[in-house]
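Topology and contacts: notes
This is what each chain is made of:
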Amino acid sequence: MYIGHVGAALAGKRARQNIGLVVLLIATYVPDWVDTGLCLAGSFTPAEMLSHSIPAVLVFALAWFVVYGLRSEDWVGAGVLAGVILSHMFFDWITGEKPTWPGGTMIGLNLYAHPIADFIVEGTVIAIGGALYARTLPPRRRPWIDVSMMLGALLAMQLVIDVARMFLKSLPKC
Ligand SMILES: [Zn+2]
């Protein structure tokens, strides 16, 4: 999943409003940041065992839970962040194909092969997240303008990616 992960971060903001949105946005992409780091270090492997396998994502979620919980003493918030990280794995199973564990099979519906379906699924996740996030904003005149501009920008980014997918078999991750 690409921009759809932002939807999970926005939903996390609704679940626990005292977590910074930037922290949630970083958390929702943790497995992809790990891929980026491995890529820069020259040790990226297409199997993504160290970034997207079930044990890897569980370790990331647990590490964030402990570190955020100890630093903030907000264990509910720590649980929300861990849930946002876990959601990355489940969403990637819908849109891509990811490793289970070392020696295990790859699983996933690989909607990337069907860019229109991918746009519908990711767009739905973005829209639901945006609707949940909108309720966290302070009341003011016409708040829907900000939220719809944000949603429009996110959907436009997703559209660009899915259109690129139609012409390229796969987008390089590294
Ligand atoms: Zn990912």
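What this report covers is the structure whose coordinates are included nearby. In this text, all values refer to a predicted model and were calculated from it rather than measured experimentally.

It is worth spelling out the overall build of the protein chain at this point. The number of helices and strands found in the protein chain is 8 helices and 2 strands. The C-alpha atoms of the protein chain give a radius of gyration of 17 Å, which matches the 16 Å a tight globule of 174 residues would have. By its C-alpha atoms, the protein chain is 50 × 40 × 25 Å across when sized along the principal axes. In the protein chain, which comprises 174 residues, the share counted as buried stands at 41%.

Our next topic: the layout of surface pockets. One number sums up the size of the largest pocket: a volume of about 680 Å³. Forming the boundary of the largest pocket are 26 residues, of which Tyr-2, Lys-98, Tyr-112, Arg-165 and Lys-173 lie nearest the centre. A breakdown of the residues in the lining of the largest pocket according to their chemical character gives 12 nonpolar, 5 polar and 9 charged.

Time to look at a nonpolar patch on the surface. Judged by side-chain polarity, Ile-116, Ile-120, Leu-159, Val-163, Met-166, Phe-167 and Leu-168 come together as a nonpolar surface patch covering roughly 730 Å² of accessible area. Broken down by secondary-structure element, the contributors of at least two residues to the nonpolar patch are α7 (115–134) and α8 (144–167). It is α8 that contributes the most residues to the nonpolar patch, 4 residues altogether. Exposure remark for Leu-168: the relative accessible area of 45% places this residue in the partly exposed category.

Before going further, it helps to examine the coordination of the zinc ion. When a metal holds four donors in a tetrahedron, each ideal angle between them is 109.5 degrees; when it holds six in an octahedron, the ideal angles are 90 or 180 degrees. Taken together, the protein donors to the zinc ion comprise Asp-32 (OD), His-52 (NE2), His-88 (NE2) and Asp-92 (OD), at separations of 2.1 to 2.3 Å. For the zinc ion, the 4 donor atoms in the first shell make angles of 84 to 174° at the metal, so the coordination geometry reads as irregular. Every donor residue of the zinc ion comes from the same chain, spaced as D-x19-H-x35-H-x3-D. Separated by 20 residues along the polypeptide, Asp-32 in helix α3 (residues 30–40) and His-52 in helix α4 (residues 49–52) bring together distant segments of the chain.

The next point concerns the packing of aromatic side chains. To describe a pair of aromatic rings, one takes the distance between the centres and the angle between the planes. In total, this model carries 4 aromatic pairs according to the counting rule given. Pairing Phe-65 with Trp-75 gives two aromatic rings, centres 5.3 Å apart and planes at 55°, and the pair type is tilted. Of this pair, Phe-65 sits in helix α5 (residues 54–72) while Trp-75 sits in helix α6 (residues 75–95); the two residues are 10 residues apart in sequence, bridging distant segments of the chain. Since its relative accessible area comes to 28%, Phe-65 is described here as partly exposed. Among the residues examined, Trp-75 registers a relative accessible area of 40% and is labelled partly exposed. Looking at Arg-165, its charged tip hangs above the ring of Tyr-112, at a distance of 4.3 Å from the centre.

Turning our eyes to something else, we now look at the state of the cysteines. Scanning the model with the defined rule gives 1 disulfide in all. The partner cysteine of Cys-39 in its disulfide is Cys-174, sulfur to sulfur 2.1 Å. Every disulfide takes its handedness from the sign of the S-S torsion; for Cys-39 and Cys-174 that torsion is 95°, giving right-handed. With Cys-39 in helix α3 and Cys-174 in the segment after α8, the pair connects residues that are 135 residues apart, well separated along the chain. The class of Cys-39 is partly exposed, set by a relative accessible area of 24%. A relative accessible area of 51% means that Cys-174 is categorised as exposed.

At a closest axis distance of 8 Å, the pairing of helix α2 (residues 21–28) and α6 adopts a crossing angle of 35°. Handedness of the crossing formed by α2 with α6: right-handed. Note on element contacts: α6 touches α2 through Leu-81, Val-84, Ile-85 and His-88, opposite Val-23, Leu-24, Ala-27 and Thr-28. Residues belonging to the contact of α2 with α6 are distributed by class as follows: 6 nonpolar, 2 polar and no charged.

Rules behind the numbers
Residues numbered from 1 in each chain as written. Predicted model: local features only at pLDDT ≥ 70, side-chain atom pairs only at ≥ 80, totals over all residues. Heavy atoms only, no water. Helix = DSSP H or I, 4+ residues; strand = E, 2+ residues; numbered from the N terminus. Rg over C-alpha atoms; globule rule 2.2 N^0.38 Å. Buried < 20%, exposed > 50% of the residue type's maximum accessible area, 1.4 Å probe, protein only. 1 Å grid on protein atoms, 1.4 Å probe; cavity = no way out; pocket = protein on both sides within 12 Å on 5 of 7 lines; lining within 4 Å. Points joined across faces, edges and corners; volume = space filled by probe spheres on them. Nonpolar A, V, L, I, M, F, W, Y, C, P; charged D, E, K, R; others polar. Patch = residues over 30% accessible without salt bridge, like charges linked within 9 Å, V, L, I, M, F, W, Y side chains within 5 Å. Areas by Shrake-Rupley, 256 points an atom, 1.4 Å probe, with all protein chains shown as cover. Salt bridge = Lys/Arg side-chain N within 4 Å of Asp/Glu carboxyl O. Donors = N, O, S within 2.8 Å, 3.2 Å for Na, K, Ca; no water. Tetrahedral: all angles 85-135°; square planar, octahedral: opposite > 155°, others 65-115°. Phe/Tyr/Trp six-rings, centres within 6.5 Å; stacked < 30°, edge-to-face > 60°. Lys NZ or Arg CZ within 6 Å of the ring centre and 35° of its normal. Disulfide = S-S within 2.5 Å. Axes fitted to C-alpha atoms, helices over the stretch in contact; angles between N-to-C directions. Left-handed = near helix turned anticlockwise from the far one by under 90°. Contact = heavy atoms within 4.5 Å.

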